[in-house]
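Observations on chain architecture
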Amino acid sequence: MTPSETKSIVTLSLLAAFVDGEKHERERAEIKRIAEGLSQADGLNLPTLYQDVLMKRVSLASVAGELKSSEARQLAYEMAVCVCDADGTQSEAERMFLADVRTSLGLDASAAAFSQQAEDIAAVPVAAAAGTAVAAPSTPNTPDTTELDKSILNAAILNGALELLPETLSTMAIIPLQMKLVYRIGQSYGYQLDSGHIKDFLATVGVGLTSQYLEQAGRKLLGGLLGKVGGGLLRGLGNQAVSSGMSFASTYALGHVAKRYYAGGRTLSTQMLKDAFSGVVKEGQSLQTQYLPAIQEKARTLDAGKVLSLVRGA
């Protein structure tokens, strides 16, 4: 893939991120931070791209014209779809945008089928019978914290493994699996959480949904892993630098901060949650090397064609 095609894929992803015009300011700030970080990793001037997208100085037509190969066009579309679905099912504006992308890139019916797969993942509820509000427990629950810690570690290993897979849908699955982890932790302490509360919790600690997908997929793209089906998995297993390993660390931190938050009766302030998450992310990053063999082994056992089943069954 040429540098021009890589740049165009990232530009299309940024266009997708802002197409519905409803991104919270904190999410915009995260996307900007990620654009700056990715540019340092590959020498692309992504902060300029970010401004070009916000100021509407780039068009879908101009981006499409830079995507010469069929592989680049397909990957660009897949990333745009996953960006639109990262924070939930597509809005009408996002559906119209993606239809325009398919037309501009000259993609066939299989592209629409991919969009439906992503929608199916985005639509999976956090639990089969999730509540519609955050209900305080009538009596405090005292779960087995050893088992809870084990489930958090297993979730972190699974998401670390998904980060190594080259398929775009595998990257997208990390977010709903993190939401399900928070749901289960809240439930273990007697709280019935809905998806809206969980999204707010993630945003409060500093995990934006769209921005997290952009960071994960962007690093894989710039590392040459994303879309490299077949040999790409072995390359990823042999070169962890392709991916920052942040999925393991962020999932580990989300689990432990959620555990602290719900065990304490949801009394931590916004700043305390942010500080706690930042600290535990660093702990997760230090543990990532220790658990890398387990992450790699898990990646070898995952079937990328069954991502939806994996998310539903979590």
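All residue numbers refer to position in the chain's written sequence, counted from 1. Whole-chain, interface and lining totals are the exception, using all residues; otherwise, since this is a predicted model, local features are given only for residues with pLDDT of at least 70 and side-chain atom pairs are given and counted only at 80 or more. Excluding hydrogens and water, the side-chain values take into account all heavy atoms of the structure.

If you look at the biggest cluster of nonpolar residues, it comprises 95 residues, and the most contacted ones within it are Leu12, Phe201, Leu202, Tyr213 and Tyr262. Residues are treated as being in contact if the distance between any of their heavy atoms lies within 4.5 Å. What Tyr262 contacts, discounting residues up to four positions off in sequence, is Val182, Ile185, Gly186, Tyr189, Tyr191, Leu193, His197 and Phe201. Only buried residues count toward a nonpolar core, which is a set of Ala, Val, Leu, Ile, Met, Phe, Trp, Tyr and Cys residues joined through side-chain atoms within 4.5 Å. Each residue is placed in one exposure class: buried if its accessible area under a 1.4 Å probe, protein chains only, is under 20% of its type's maximum, exposed if it is over 50%, and partly exposed if it falls in between.

Right, let's get into the packing of helix α1 (residues 3-18) against helix α6 (residues 92-105). Fitted lines through C-alpha atoms give the axes, limited to the stretch in contact for helices. The angle between two N-to-C directions lies from 0 to 180 degrees. Numbering of helices and strands starts at the N terminus; helices are DSSP runs of H or I of at least 4 residues and strands are runs of E of at least 2. Contact geometry of α1 with α6 gives a least axis separation of 11 Å together with a crossing angle of 155 degrees. With respect to α6, the axis of α1 lies roughly antiparallel. The crossing of α1 and α6 is right-handed. Here Leu12, Leu15 and Ala16 of α1 come into contact with α6, specifically with Phe97, Val101 and Leu105. Partitioned by chemical class, the residues of the contact of α1 with α6 number 6 nonpolar, no polar and no charged. Any angle from 65 to 115 degrees is called roughly perpendicular, while one under 35 is roughly parallel, one over 145 is roughly antiparallel, and all others are oblique. Each crossing gets its handedness from the near helix: less than a right angle anticlockwise from the far helix is left-handed, clockwise is right-handed. Under this grouping Gly is polar, as are all residues other than the nonpolar Ala, Val, Leu, Ile, Met, Phe, Trp, Tyr, Cys and Pro and the charged Asp, Glu, Lys and Arg.

Pairs may arise between side chains of opposite charge once their charged atoms sit close together. Every case where a carboxyl oxygen of Asp or Glu lies within 4 Å of a side-chain nitrogen of Lys or Arg is listed as a salt bridge. Scanning the model with the defined rule gives 5 salt bridges in all. A salt bridge links Glu92 to Arg95; its shortest N-O distance comes to 3.0 Å. Remark: Arg95 and Glu92 occur in helix α6; sequence separation between them is 3 residues, near one turn of the helix. Look at Arg95 and you get partly exposed, because its relative accessible area is 37%. Between Arg219 and Glu215 there is a salt bridge, and its shortest N-O distance comes to 3.6 Å. Here Arg219 and its partner Glu215 are both found in helix α12 (residues 209-222), 4 residues apart, which amounts to about one turn of the helix.

Take α6 next. Helical geometry: 3.6 residues make up each α-helical turn, so side chains three or four residues apart lie on a common side. In a regular helix each residue adds 1.5 Å, so 14 residues correspond to 20 Å; α6 covers 20 Å between its end C-alpha atoms and thus fits that length. Within α6, the full set of buried residues consists of Glu94, Phe97, Leu98, Val101 and Leu105. Along the long axis of α6, the arc covered by the buried residues comes to 95 degrees, so they all point the same way. Looking at the residues trailing α6, positive phi occurs at Gly106, about 65 degrees. A helix is expected to reach a length of 1.5 Å times the quantity of its residues less one. To obtain the arc, one takes the directions from the helix axis to the C-beta atoms.

With that settled, the discussion passes to the confidence of the model for the protein chain. Considering every residue of the protein chain, the mean pLDDT works out to 84; 85% of them sit at 70 or more. Each residue carries a pLDDT score, the predictor's own confidence in it, on a scale running from 0 to 100. The lowest-confidence element of the protein chain is helix α13 (residues 231-238), averaging 47 in pLDDT; the highest-confidence one is helix α14 (residues 246-263), averaging 95. Of the regions scoring below 50 in pLDDT, residues 230-236 engages in 12 contacts with residues more than four places distant in sequence or in other chains. pLDDT under 50 marks residues 238-242. Its contacts with residues more than four places away, or in other chains, come to 8 contacts.

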